[in-house]
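Summary of structural features
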Amino acid sequence: MLKRFAILALAATFLSACTTTNPYTGEQQMSNTSGGALIGAGLGALGGFALSGGHGGVARRNAALIGAGIGALAGGAIGNYMDNQEAELRAQLQGTGVSVTRQGDRIILNMPSNITFPTDQAQVLPPFYATLNSVAIVLRKFNKTLIDVNGYTDSTGSLAHNQDLSQRRADAVTNYLAQQGVDPRRMSSMGFGPSQPIASNATPEGRAQNRRVEVSISPLRAQ
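Let us look at the structure shown here. (Residues numbered from 1 in each chain as written. Predicted model: local features only at pLDDT ≥ 70, side-chain atom pairs only at ≥ 80, totals over all residues. Heavy atoms only, no water.)

1. A short note on helix 4 (residues 129–141)
Cut-off, in case you're wondering: Under the DSSP-based scheme used, a helix requires at least four consecutive residues in state H or I and a strand at least two consecutive residues in state E, with every element numbered from the N terminus. Take the number of residues in a helix, subtract one, and multiply by 1.5 Å to get its expected span. Per-residue accessibility, obtained with a 1.4 Å probe over protein chains only, is compared with the maximum for each type, and a residue is labelled buried under 20%, exposed over 50%, and partly exposed between these values. Residue contacts follow a heavy-atom distance rule, with two residues in contact if any of their heavy atoms lie within 4.5 Å.
Between its first and last C-alpha, helix 4 extends 18 Å over 13 residues, near the 18 Å set by a 1.5 Å rise per residue. Looking at helix 4, one finds that the buried residues are Thr 131, Leu 132, Ser 134, Val 135, Ala 136, Val 138 and Leu 139. For helix 4, the elements touching its buried residues are helix 2 (76–93), strand 6 (106–112), strand 7 (145–152), helix 5 (159–179) and strand 9 (212–219).

2. Section: unusual backbone geometry
Most peptide bonds take the trans form, and the phi angle of most residues other than glycine is negative. Its identity is not glycine, yet Asp 120 carries a phi of approximately 60°, on the positive side. Looking at the element boundaries, Asp 120 is found in the loop between helix 3 (113–116) and helix 4. What makes Asp 120 partly exposed here is its relative accessible area of 43%.

3. Brief notes about the nonpolar core
What counts is decided by this rule: For this analysis, a nonpolar core means a set of buried residues of the types Ala, Val, Leu, Ile, Met, Phe, Trp, Tyr and Cys, connected via side-chain atoms within 4.5 Å.
In this structure, Leu 109, Met 111, Val 173, Leu 177, Val 215 and Ile 217 are the most contacted members of the largest nonpolar core, which totals 33 residues. Broken down by element, this core gets its largest block of residues, six residues, from helix 5. Excluding residues within four positions of it along the chain, Ile 217 makes contact with Met 82, Gln 85, Leu 89, Asp 105, Arg 106, Ile 107, Leu 109, Leu 139, Thr 145 and Leu 146. Val 58, Ile 70, Leu 146 and Leu 220 belong to the second largest nonpolar core, which has five residues in total.

4. Let's talk about helix 2
Test applied: The arc in question is traced by the directions running from the helix axis to the C-beta atoms.
For helix 2, which comprises 18 residues, the first-to-last C-alpha distance of 26 Å matches the rise-based estimate of 26 Å (1.5 Å per residue) to within 8%. Listed in full, the buried residues belonging to helix 2 are Ile 78, Tyr 81, Met 82, Gln 85, Glu 86, Leu 89, Arg 90 and Leu 93. Down the axis of helix 2, the smallest arc covering the buried residues is 165°, so these residues share one side. The exposed set on the far side of helix 2, more than 90 degrees from its buried face, consists of Gly 76 and Ala 91. Backbone geometry just downstream of helix 2 places Gly 95 in the positive-phi region, at approximately 80°.

In structure tokens form, the structure reads like this:
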């Protein structure tokens, strides 16, 4: 198992875009827009998961992978590469309960906790292994990308407990993907606790939406 060496609470940067309907799930999602943005949380690691914050962590991962001989993307190749990866992820994840959202040059997989983990625990549910295996297949094929695995909770319980739980769940998904052959140098594992809700914590339905792991996939850019 891969080890977590540090936990940093970081803010993420999101693109604004128009809303469209996901043809597979019927859910509302962000449409593809020109340009892109990288999440400002990073893992600067060669041979381990030493977490480092901000865009510097992303830059170090990017540089490390280029230095290791993995080809980077530039110009119009980025959009085409991410389009093809998005299409394969949608095909693999149709009917699994995992939503696929496109934000500029980023692809975000939203994994609700009710299908991913037991209540208040961080061990991946065995029925979810097949879904993560499908994700790993695509990530291995499209290896010119950086992967940010981010954990989130609702606001129930103490902040310290939620922060720890969100980090352990992000780690669990990251570790599982690495065990399936996804290069750990590409990945960052971060817990955000209840700090970034996507729905109201005042209702059970809203809290259920906030309990999630998101896998954000962004292009490995030529420097």
